[in-house]
Amino acid sequence: MKLRFAPSPTGYLHVGNARQAVANFLYARRHGGRFLLRIDDTDTARSKPEYEDAIRRDLKWLGLDWDEEARQSERMGRYAEVIEKLKASGRLYPCFESEQELNAKREMRIKAGKPPLYDRAMLKLTPDQRARAEANGKVPYWRFRLTDGSRKWRDLVMGDCSVKLTAISDPVLIRVDGTILYTLASVIDDLDMGITHVVRGEDHVTNTGVQIDIADALGAKPDRFTFAHLPLLLDSDGGKLSKRFDSLGLKSLRADGIEPMTIVSYLARVGTSDDPEVMTMEEAIASYDLSHVSKSAARFDMRQLLALNRRALHNLPFEVAREHLPPEATEDFWNAVRGNVDLTAEIPHWWDVTQGTIIPPSQPDDRVFLQQALDTLPSEPWGETTWTDWVNALKAASGRKGKALFMPLRLALTGEDSGPDLHTLLGLMGHARTVTRLKDAIHA
């Protein structure tokens, strides 16, 4: 068994294609197969080295290691060989119509009540007509002549699938400039590289029918590949997620402080019959099952992802969390704040609360109370009973209790209306910082 993830380096990875990477990786690893990273960089105008580097970096960050790597741009000689064979067999045929001519043909067919399919007029082109066209400076692009009938397969997610080839225009596989398109290059690569299973998005279903036909023309057996098509990801409101990919790029999610295993865990379970839960990579591999994937579109819910991340961080041991913490941070600090950290990006704020500087909000109605808090603050040395002693003294001095007592203190000391236990934070902040915060709050 061998699977592949084949991104185009024309942009950064987002949750949509990361889901496909996760699916291919987990399925391969669970079944003892190999996992190939193939950089589909035939689009030289849009492919960039920085995107290619970012893809590798993101996959490594997610923990998706690969056994082999290939790049399409290094296989142009092989593509040329196959292209010549397809031309010789008559399955690739030259076309000279301009886009304007094709549009006019489509409009005429629509007006006549016919489907807007290509009419294969260029199949009737004589050698003499082709020679005259080329003599006039025209350069052909090349279409693949599809067979009649349908292409069928048993999909690991969608079940029995069928694509009627007579309802599809013969696809262009070679552009005027000689560039090979993904539809052909991918089939050649998958055959040459021994790919057995192709796991990708539902939007490729029609393309799969075409590619099975191409593979057949190249001598492959009808059951050469096993396919699995994952339903599309929608946003939480049921809209197309593709319009929101910028905010859901792995680069952005990493910067926001989402843990890599949170993303892997969520993408492994979204759209399945299994409830999302934070898993180790070993657990994710052992439990991944394509038969659990629903045929319906899946909803990517950022609230669910954040809830998973919160759970992951709350259970993160200090030794593992250290890479996210300031060098001076202690285990006491992490144990105090981790229950209130949803994203690692929030950790610096709590470090500032306990060890740095914050600007407390103005509380004009509570200035008298805050002065009482300052006056009753126990002097050093502090110990286990300092917080209790202070609160009891402040209750007696102010007559306050409950929220009226604790909320002004929390705002003054942390700048937040919720957060870690004040008893623990007080010990981390120390006497001098507490005095400064109270004075700042009084005069804010």
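Residues numbered from 1 in each chain as written. Predicted model: local features only at pLDDT ≥ 70, side-chain atom pairs only at ≥ 80, totals over all residues. Heavy atoms only, no water.

K.L.:
Help me out: how do you make sense of the environment of L37 in this one?
P.N.:
Relative to the helices and strands, L37 is located in strand 2 (residues 34-39). In sequence terms L37 and V320 are 283 residues apart; their C-alpha atoms lie 28 Å from each other. In contact with L37, not counting residues within four places along its chain, are F5, P7, R56, L59, W66, E68, E69 and A70. (Helix = DSSP H or I, 4+ residues; strand = E, 2+ residues; numbered from the N terminus. Contact = heavy atoms within 4.5 Å.)

K.L.:
What am I meant to see in the sheet that holds strand 2 here?
P.N.:
Where strands meet in a sheet, backbone hydrogen bonds hold them as pairs that are either parallel or antiparallel. Taken together, three strands build an open sheet; the order of strands is 1-2-3 and the sheet is parallel. The strands lining the two open edges of the sheet, one partner per strand, are strand 1 (2-5) and strand 3 (68-71). Going from strand to strand, the sheet's axes swing by 25° on average, the running direction of each strand aside. Summarising the sheet, strand 1 and strand 2 pair through four bridges and their orientation is parallel. The residue bridging F5 from the neighbouring strand is L37, located in strand 2. Helix-sheet contacts for helix 2 (residues 49-62) involve strand 1, strand 2 and strand 3, and the interaxial angle to strand 2 is about 155°. (Pairing = 2+ DSSP bridges. Axes fitted to C-alpha atoms, helices over the stretch in contact; angles between N-to-C directions.)

K.L.:
Explain the sheet that holds strand 8 (residues 172-174) here, please?
P.N.:
The sheet built from three strands is open, its strands ordered 4-5-8 with antiparallel pairing. Of all strands in the sheet, those bounded by a partner on one side alone are strand 4 (92-95) and strand 8. Neighbour-to-neighbour, the strand axes of the sheet open up by a mean angle of 45°, direction not taken into account. Taken strand by strand, helix 3 (residues 76-88) contacts strand 4, strand 5 (141-144) and strand 8, and its axis lies near 85° from that of strand 4.

K.L.:
I keep staring at the packing of aromatic side chains and nothing clicks. Help me out?
P.N.:
Two numbers describe a pair of aromatic rings. These are the distance of the centres and the angle of the planes. For the coordinates displayed, the defined rule picks out eight aromatic pairs. Judged by centre distance (5.0 Å) and plane angle (90°), the rings of Y12 and Y51 are edge-to-face. Placement of Y12 in the loop between strand 1 and helix 1 (15-30) and of Y51 in helix 2 is noted, with a sequence separation of 39 residues between them. We classify Y12 as partly exposed; its relative accessible area is 38%. Of the residues examined, Y51 reaches a relative accessible area of 17% and is grouped as buried. The side chain of R143 reaches across the aromatic face of Y118, ending 3.8 Å from its centre. Above the face of the W61 ring, R254 is positioned so that its terminal group lies 5.1 Å from the ring centre. (Phe/Tyr/Trp six-rings, centres within 6.5 Å; stacked < 30°, edge-to-face > 60°. Buried < 20%, exposed > 50% of the residue type's maximum accessible area, 1.4 Å probe, protein only. Lys NZ or Arg CZ within 6 Å of the ring centre and 35° of its normal.)

K.L.:
It is not clear to me how unusual backbone geometry should be interpreted in this structure. Could you clarify?
P.N.:
Backbone phi values are negative for most residues with the exception of glycine, while trans is the configuration of most peptide bonds. Following E380, the chain continues into P381 via a peptide bond in cis, with omega recorded as 0°. Residues other than glycine seldom take positive phi values, yet R120 does so here, at roughly 60°. Within the fold, R120 resides in the loop between helix 4 (99-111) and helix 5 (127-135). The exposure class of R120 is partly exposed, given its relative accessible area of 25%.

K.L.:
What should I look at first to understand the side chain of T42 in this one?
P.N.:
Residue placement: T42 occurs in the loop between strand 2 and helix 2. Setting aside its immediate chain neighbours within four residues, T42 contacts Q72, M76, Y79, T179 and I180.

K.L.:
Can you help me understand the packing of helix 14 (residues 347-355) against helix 18 (residues 422-443) in this one?
P.N.:
Working note: a packed helix pair is described by the angle between its axes plus the distance between those axes. Close contact between helix 14 and helix 18 brings their axes to 7 Å; oriented N to C, the two are set at 60°. Residues W350, D352, V353, T354 and Q355 of helix 14 form the contact with helix 18, whose own contacting residues are L425, L428, M429, R433 and R437. Of the residues contributing to the contact of helix 14 with helix 18, the split by class is five nonpolar, two polar and three charged. (Nonpolar A, V, L, I, M, F, W, Y, C, P; charged D, E, K, R; others polar.)

K.L.:
What is the right way to look at the UniProt feature "short sequence motif: 'HIGH' region" (unreviewed entry) in the protein chain in this model?
P.N.:
Mapped onto this structure's residue numbering, the UniProt feature "short sequence motif: 'HIGH' region" (unreviewed entry) falls at residues 7-17. Helix makes up 27% of residues 7-17 and strand 0%, whereas the separation of the span's terminal C-alpha atoms amounts to 8 Å. (UniProt positions renumbered as here; feature names shortened; annotations may be inferred.)

K.L.:
Explain the pattern of salt bridges to me, please; I cannot follow it from the model alone.
P.N.:
Opposite charge on two side chains allows them to pair when their charged atoms are near. A full pass over the atoms with the stated rule returns 36 salt bridges. One salt bridge in this structure joins E68 and R34, with 3.2 Å as the shortest N-O distance. Note that E68 is positioned in strand 3 and R34 in strand 2, a separation of 34 residues in sequence. Put simply, R91 and D213 hold a salt bridge, and the shortest N to O gap is 3.3 Å. Taken together, the residues span a long stretch of sequence, with R91 in the loop between helix 3 and strand 4 and D213 in helix 7 (residues 205-217) at a distance of 122 residues. Judged by its relative accessible area of 11%, R91 falls in the buried class. (Salt bridge = Lys/Arg side-chain N within 4 Å of Asp/Glu carboxyl O.)

K.L.:
Got a minute to help me understand the packing of helix 15 (residues 367-376) against helix 17 (residues 403-414) in this structure?
P.N.:
Axis separation between helix 15 and helix 17 bottoms out at 10 Å; the angle between their running directions is 80°. Comparing the axis directions of helix 15 and helix 17 gives the class roughly perpendicular. Only A404, L405, P408, L409 and A412 of helix 17 make contact with helix 15, whose side of the interface consists of F369, L370 and A373. For the contact of helix 15 with helix 17, a count of residues per class yields eight nonpolar, no polar and no charged. (Parallel < 35°, antiparallel > 145°, perpendicular 65-115°, else oblique.)

K.L.:
Is there a simple way to explain helix 3 in this structure?
P.N.:
One turn of the α-helix equals 3.6 residues, which is why residues spaced by three or four share an orientation. Counted at 1.5 Å a residue, the expected span for helix 3 with its 13 residues is 18 Å, and the 18 Å between its end C-alpha atoms agrees. Listing the buried residues of helix 3 in full gives Y79, V82, I83 and L86. Taken around the axis of helix 3, the buried residues stretch over an arc of 105°, which confines them to a single face. Opposite the buried face of helix 3, by more than 90 degrees, sit the exposed residues K85 and A88. On its buried face, helix 3 sits against strand 4, strand 5, strand 8, helix 6 (182-192) and helix 7. Just downstream of helix 3 lies G90, where phi reads positive at about 85°. (Expected span 1.5 Å × (residues − 1). Arc of directions from axis to C-beta.)

K.L.:
Which parts of the structure should I look at to understand the layout of surface pockets?
P.N.:
For the largest pocket, the calculated volume is near 1000 Å³. If you go around the largest pocket, you meet 36 residues; those closest to its centre are H14, G16, N17, Q20 and D203. At the level of secondary structure, the elements contributing two or more residues to the lining of the largest pocket comprise strand 1, helix 1, strand 9 (197-201), strand 11 (233-234) and helix 8 (250-256). Sort the elements by how many residues they give to the lining of the largest pocket and helix 1 lands first, with five residues. (1 Å grid on protein atoms, 1.4 Å probe; cavity = no way out; pocket = protein on both sides within 12 Å on 5 of 7 lines; lining within 4 Å. Points joined across faces, edges and corners; volume = space filled by probe spheres on them.)

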